[in-house]
Amino acid sequence: MYAGAVAVPLLIGTGLNFTSEQMTYLISIDIFMCGIATLLQLTVNKFFGIGLPVVLGCAIQAVAPLIMIGSDKGVGAIYGSIIASGVFVVLVSGIFSKIKKLFPPLVTGTVITVIGLTLIPVAVEKMGGGLASAPDFGDGTNLLLAFVTIGLIIVVQVWGRGFIKSIAVLVGLVGGTILSALLGQVNLAPVGEATWFHFPQPFYFGTPTFDISSIVLMIIISIVSMVESTGVYFALGDITGKHVGEEELKKGYRAEGLAVVLGGIFNTFPYTGFSQNVGLVQLSGIKTRRPIYYSAFFLIALGLLPKVGAVAQIIPEPVLGGGMLVMFGMVAVQGMRMLSKVDYNNDKNLLIIAISIGFGLGFNMIPTLFQQMPETVRMFTGNGIVMSSLTAIILNLLFNGLKGDEQNNEL
């Protein structure tokens, strides 16, 4: 979970060219807030908390949208959209069980596939050393580090066992960084410059701004996260023998919404239930919340130590790019796995997926296609993920209605 949680601020921070000091804060506070978010979900009261042994971490599907928002609208728009989407989740938590029919695997699978495919070019650019315009882009050393990292991940994933297999990406990043150090490619300055202790600061990156198109995009991402979390909650409920009904789901969604709002205030990112934890509970047989409480406090403690966060920064960009390629590819594959539940004998479903993915990738690659349109139209058409999501939702409603076929609406 730590590898997944640290990856999100690393990817977004490098994508937006944050300074070393900003990156240290971002990674450290992200770890801290993962602990806080997990505590919110573990603590059961009348308003929030599902009370299952679940760990909350940053949603990987938010990476590409947040980089786009930050690049186009500025960092303030990132955190304004996160706060607004968190408030939205809290407000709709009670009725989501009814509107979740709008988001069957046909829709969510398409959106997650587009998100993964959209991110892959970012990973490839990092593999080359950073910016494609840089003079050393595609240098032999950069390519060696990237492909060794990918190779290590493959080896551990295929031949590893148990815990080691579950941290294949982390092993690849560590191995690639060690090779980088032997080749003199590692810069330890961020660790030396980082302080030993700090406190979270609200609005560290400045005052949030509330851009409508950015808010709509993050609400869509939050809904996708809620659908994923629902699956995690039901799976954990089944393993632990705890009933998960409408009231439990409502409190679980509210806890996630509160965590997202706090993430926006303290300048981290949206949080969702980590599916890795389902496998861990199943594998270990430990079904109580106690070890998850320990984990939450451990994450909070790590987040207060900037030097721990700074260590993640010493990973060279080609190594990070190799890890990113695998992770983003896995995001796309996760979307494809969700799409495997769709009835492909229905030609309408094929058409929905084809057009939605075409819009998502095409409009993202050529955002100037609608440059002659009014600003209000361009707010949506310039973002491929938003267009893919809206297209999938609308076409699914037109062709399948709210019910659709049995297979298409299974969570």
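Treat the numbers as computed from the prediction; the structure is a model and nothing was measured.

## So, the overall build of the protein
Thinking step 1. Helices and strands together make up the secondary structure of the protein, namely 19 helices and two strands.
Thinking step 2. Within the protein, the proportion of its 411 residues that are buried is 53%.
Thinking step 3. Considering only contacts in the protein between residues 6 or more positions apart, those separated by 24 or more positions represent 82%.
Thinking step 4. In the structure as shown, the protein presents an accessible area of about 17600 Å², 67% of it carried by carbon and sulfur atoms.

## Some points on the nonpolar core
Thinking step 1. Core analysis: the biggest nonpolar cluster contains 93 residues, and Leu66 and Phe269 have the highest contact counts within it.
Thinking step 2. For this core, the element with the highest residue contribution is helix α11 (residues 212-240), accounting for 13 residues.
Thinking step 3. In this structure, Phe269 is in contact with Val8, Pro9, Ile12, Leu26, Asp30, Cys58, Leu66, Tyr79, Ile82 and Gly263, ignoring residues within four places of it in sequence.
Thinking step 4. Counting residues in hydrophobic clusters, the runner-up holds six residues, among them Leu106, Val342, Ile353 and Leu395.

## A few points about the pattern of salt bridges
Thinking step 1. Enumeration over the complete set of coordinates arrives at three salt bridges.
Thinking step 2. Residues Asp211 and Lys73 are paired through a salt bridge, measuring 3.9 Å at the closest nitrogen-oxygen approach. Of this pair, Asp211 sits in the loop between α10 (189-193) and α11 while Lys73 sits in helix α3 (residues 63-73), placing them 138 residues apart in sequence.
Thinking step 3. Here Lys73 falls in the partly exposed class, since its relative accessible area comes to 38%.

## Regarding a nonpolar patch on the surface
Thinking step 1. Residues Leu144, Val174, Ile178, Leu182 and Leu183 make up a contiguous nonpolar surface patch of about 480 Å² in total accessible area.
Thinking step 2. Top element by residues in the nonpolar patch is helix α9 (residues 168-182). It accounts for three residues.
Thinking step 3. Relative to the helices and strands, Leu183 resides in the loop between α9 and α10.

## Examining the side chain of Asn400
Thinking step 1. Inspection of the secondary structure puts Asn400 in helix α19 (residues 384-400).
Thinking step 2. Within the local environment of Asn400, its side chain forms a polar contact with the side chain of Asn349, the two groups lying 3.0 Å apart.

## Here we look at helix α17 (residues 347-365)
Thinking step 1. Its 19 residues place the ends of α17 27 Å apart at the C-alpha level, agreeing with the 27 Å of an ideal helix rising 1.5 Å per residue.
Thinking step 2. Within the sequence span of α17, burial applies to Asn349, Ile352, Ile353, Ser356, Gly360 and Phe363. Taken end-on, α17 shows its buried residues confined to a sector of 140°, consistent with a single buried face. Along α17, exposed side chains directed more than 90 degrees from the buried face belong to Asp347 and Met365.
Thinking step 3. By the N-cap criterion, in which a side-chain oxygen at the helix start approaches the backbone nitrogen of a residue two or three places on, α17 is capped by Asn346, the distance to Lys348 being 2.9 Å.

## Let's talk about unusual backbone geometry
Thinking step 1. For Phe203, which is not a glycine, the phi torsion comes out positive at approximately 55°.
Thinking step 2. Inspection of the secondary structure puts Phe203 in the loop between α10 and α11.
Thinking step 3. What makes Phe203 partly exposed here is its relative accessible area of 38%.
Thinking step 4. Even without a glycine there, the phi angle at Asn267 is positive, about 60°.
Thinking step 5. Positionally, Asn267 belongs in the loop between α12 (246-265) and β2 (271-273).
Thinking step 6. Using a relative accessible area of 0% as the deciding quantity, one classes Asn267 as buried.

About the cut-offs
Residues numbered from 1 in each chain as written. Predicted model: local features only at pLDDT ≥ 70, side-chain atom pairs only at ≥ 80, totals over all residues. Heavy atoms only, no water. Helix = DSSP H or I, 4+ residues; strand = E, 2+ residues; numbered from the N terminus. Buried < 20%, exposed > 50% of the residue type's maximum accessible area, 1.4 Å probe, protein only. Contact = heavy atoms within 4.5 Å. Areas by Shrake-Rupley, 256 points an atom, 1.4 Å probe, with all protein chains shown as cover. Core = buried A, V, L, I, M, F, W, Y, C linked by side-chain atoms within 4.5 Å. Salt bridge = Lys/Arg side-chain N within 4 Å of Asp/Glu carboxyl O. Patch = residues over 30% accessible without salt bridge, like charges linked within 9 Å, V, L, I, M, F, W, Y side chains within 5 Å. Polar contact = N/O pair within 3.5 Å; in protein donor to acceptor, adjacent residues only side chain to side chain. Expected span 1.5 Å × (residues − 1). Arc of directions from axis to C-beta.

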